[in-house]
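Structure at a glance
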Amino acid sequence: MNTKILLGEDRIPKQWYNIIPDMPGPLAPVIHPGTLQPVTPDDLLPLFPMGLIEQEVSSQRWIDIPDEVREVYKLWRPAPLYRAHRLEKVLGTPAKIYYKYEGGSPAGSHKPNTAIPQAYYNKIFGTKRIATETGAGQWGSAMSFACQMFGLACTVYMVKVSFNQKPYRKSMMQLWGSNVIPSPSDRTNAGRAILAQFPDSNGSLGIAISEAVEDAATHEDTRYALGSVLNHVCLHQTVIGIEAKEQLALVNAYPDVVIGCHGGGSNFAGIAFPFAADKANGKNVRLLAMEPTSCPTLTKGVYEFDYGDTAKMAPIAKMYTLGHDFMPPGIHAGGLRYHGASPLVSQLVNAGVVEARAVAQKGCFEAAVMFSCAEGIIPAPESSHAIRGAIDEALQAKEEGKEKTILFCLSGHGQVDMTAYDAYFSGQLEDYEYPAEAIRESLSHLPKVSF
Ligand SMILES: *Cc1c(COP(=O)(O)O)cnc(C)c1O
């Protein structure tokens, strides 16, 4: 019995799967935050290259992956699919557990799957520099690597508290040639306004987004890049599920349930959308998104129009949201703290195609440690939410004495997140109550949009 199911480089997908034509119903429009009217491609052109704007709204089911992108994908793709024999044994479950491991990319997560094509489409568009933001540094490091591959300069606005407390991903970004700036900074109006009011501000992702967007919008040769949420990001990530499906077919397997952790929705979309296509054609497969109880966007949010960012500069989209000014507690799965969600994933949750479940962080670390002791790989704190979901599904199969095939996405490794494990082992980790009052408050600030 194989532990790893591998594909040759010639099996790197030649096309991404675009779920838009298979969605249950039309997409809601994306709304301009200033005019409150639907955005046009011209509105987006100061921020994104045309190639990506076209993909954002494309109705073409399969979209060719440029050869230049596939060449870089060869550095780590196809990603291995593992059968978790040892974890199954520890759990004593009749379930078969498979995981698609995306931590083998240079940045250590799934994020380069979209950073590489984003850099490519910018390069051919004539962009000279990318401006982007990062929280703990996963996206910033992926984009830095991608810019290095295509000869683009890269400016990363990094939330100041992470810049000071989590120096290793900052060093990765610098190694790949990026200019990393603690945010708020004095380089933008948005940053200067915050500093004037709060000179000691630790920053936030919302502020960093505002700085990066302003930088891109005010420099002709510069464009902005976002690592999750948007349709073209979900599109690029479908290489995960396309490969996984082929790998499972090699061992005559097909999942009963497909699981991913959910922050903005991109790795979940990546593993789940290619299976959603089968589901739309009548196949019996469950799709399960796992999120933290402290930022329960899909399970406790509302499906409404809301701003993409705290500063109300990003477009308004219809999505599950906790309110754009909701401030989640500082949990260790930093990549799962977004107030909103991918509009595509949101629509699928609303239509009952995708299920969502929230889990508390201690149980996730417990699952991560159990997984790592059995399988070796140390998971990213974000990925541990998917592991928790997979283990719970496997334990349920055991209780019911049922066979079941489980597939989950191990979105990244945790080797640059060991302070989070330190906190867990030293008993400093808390399970936050569901912040009902804060969510009720922030949900009262949604924009009034009706389309
Ligand atoms: C960023 C990140 C996530 C969350 O982002 P999604 O867009 O929801 O996938 C999950 N896992 C890892 C390892 C990450 O770096």
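Moving on, we get to the overall build of the protein. A count of helices and strands for the protein gives 19 helices and 15 strands. In summary, the protein has a C-alpha radius of gyration of 20 Å against a globular reference of 22 Å for 451 residues, a match within 12%. Its C-alpha atoms give the protein principal-axis dimensions of about 60 × 50 × 45 Å. The burial tally for the protein puts 60% of its 451 residues in the buried class. Within the protein, contacts between residues separated by at least 24 positions form 77% of all contacts whose residues are at least 6 apart in sequence. Total accessible area on the protein is roughly 17600 Å²; 51% of this is exposed by carbon and sulfur atoms. Distance between charge centres in the protein, computed from 39 positive and 46 negative side chains, equals 4 Å.

End to end, helix H5 (residues 112-125) covers 19 Å across 14 residues, agreeing with the expected 20 Å (1.5 Å per residue, within 8%). Taken across its 14 residues, H5 has 11 buried, putting it largely inside the fold. Those residues of H5 that fall on the buried side of the exposure criterion are Pro112, Asn113, Thr114, Ala115, Ile116, Pro117, Gln118, Ala119, Tyr120, Tyr121 and Asn122. Once H5 ends, the next one or two residues include Gly126, with phi positive near 105°.

For the rest of this paragraph, the subject is the site of the ligand. The environment of the ligand is made up of 18 residues, and the closest members are Lys111, Ser228, Gly263, Ser266 and Ser411. In this structure, an oxygen atom belonging to the ligand sits 2.6 Å away from a side-chain N or O atom of Lys111. The contact in question runs from an oxygen atom of the ligand to an N or O atom on the side chain of Ser266, over 2.7 Å. Computed on the free molecule, the ligand has an accessible area of 380 Å², of which 97% lies beneath the protein chains in the complex. Considering only residue class, the shell around the ligand consists of three nonpolar, 13 polar and two charged.

Now for the domain arrangement of the protein. Domain parsing of the protein yields domain 1 (73-108 + 232-443) and domain 2 (112-226). Each of domain 1 and domain 2 has a C-alpha centre, and these two points are 25 Å apart. Taken together, the 22 residues of domain 1 in the interface contact 22 residues of domain 2. Summing both partners gives a buried area of about 1800 Å² for domain 1 against domain 2, and 63% of it is carried by carbon and sulfur. Looking at the side of domain 1 facing domain 2, the largest losses of area belong to Ala107, His236 and Val416, adding up to 28% of the total buried there. One can count one salt bridge joining domain 1 with domain 2. Inspection of the domain 1/domain 2 interface yields eight residue pairs in polar contact (both at pLDDT 80 or more).

What counts, and where the lines are drawn
- Residues numbered from 1 in each chain as written.
- Predicted model: local features only at pLDDT ≥ 70, side-chain atom pairs only at ≥ 80, totals over all residues.
- Heavy atoms only, no water.
- Helix = DSSP H or I, 4+ residues; strand = E, 2+ residues; numbered from the N terminus.
- Rg over C-alpha atoms; globule rule 2.2 N^0.38 Å.
- Buried < 20%, exposed > 50% of the residue type's maximum accessible area, 1.4 Å probe, protein only.
- Contact = heavy atoms within 4.5 Å.
- Areas by Shrake-Rupley, 256 points an atom, 1.4 Å probe, with all protein chains shown as cover.
- Lys, Arg positive; Asp, Glu negative; His and termini not counted.
- Charge placed at Lys NZ, Arg CZ, Asp CG, Glu CD.
- Expected span 1.5 Å × (residues − 1).
- Near = heavy atom within 4 Å.
- Polar contact = N/O pair within 3.5 Å; in protein donor to acceptor, adjacent residues only side chain to side chain.
- Nonpolar A, V, L, I, M, F, W, Y, C, P; charged D, E, K, R; others polar.
- Domains from an automatic or database assignment.
- Buried area = accessible area lost by both parts, 1.4 Å probe.
- Salt bridge = Lys/Arg side-chain N within 4 Å of Asp/Glu carboxyl O.

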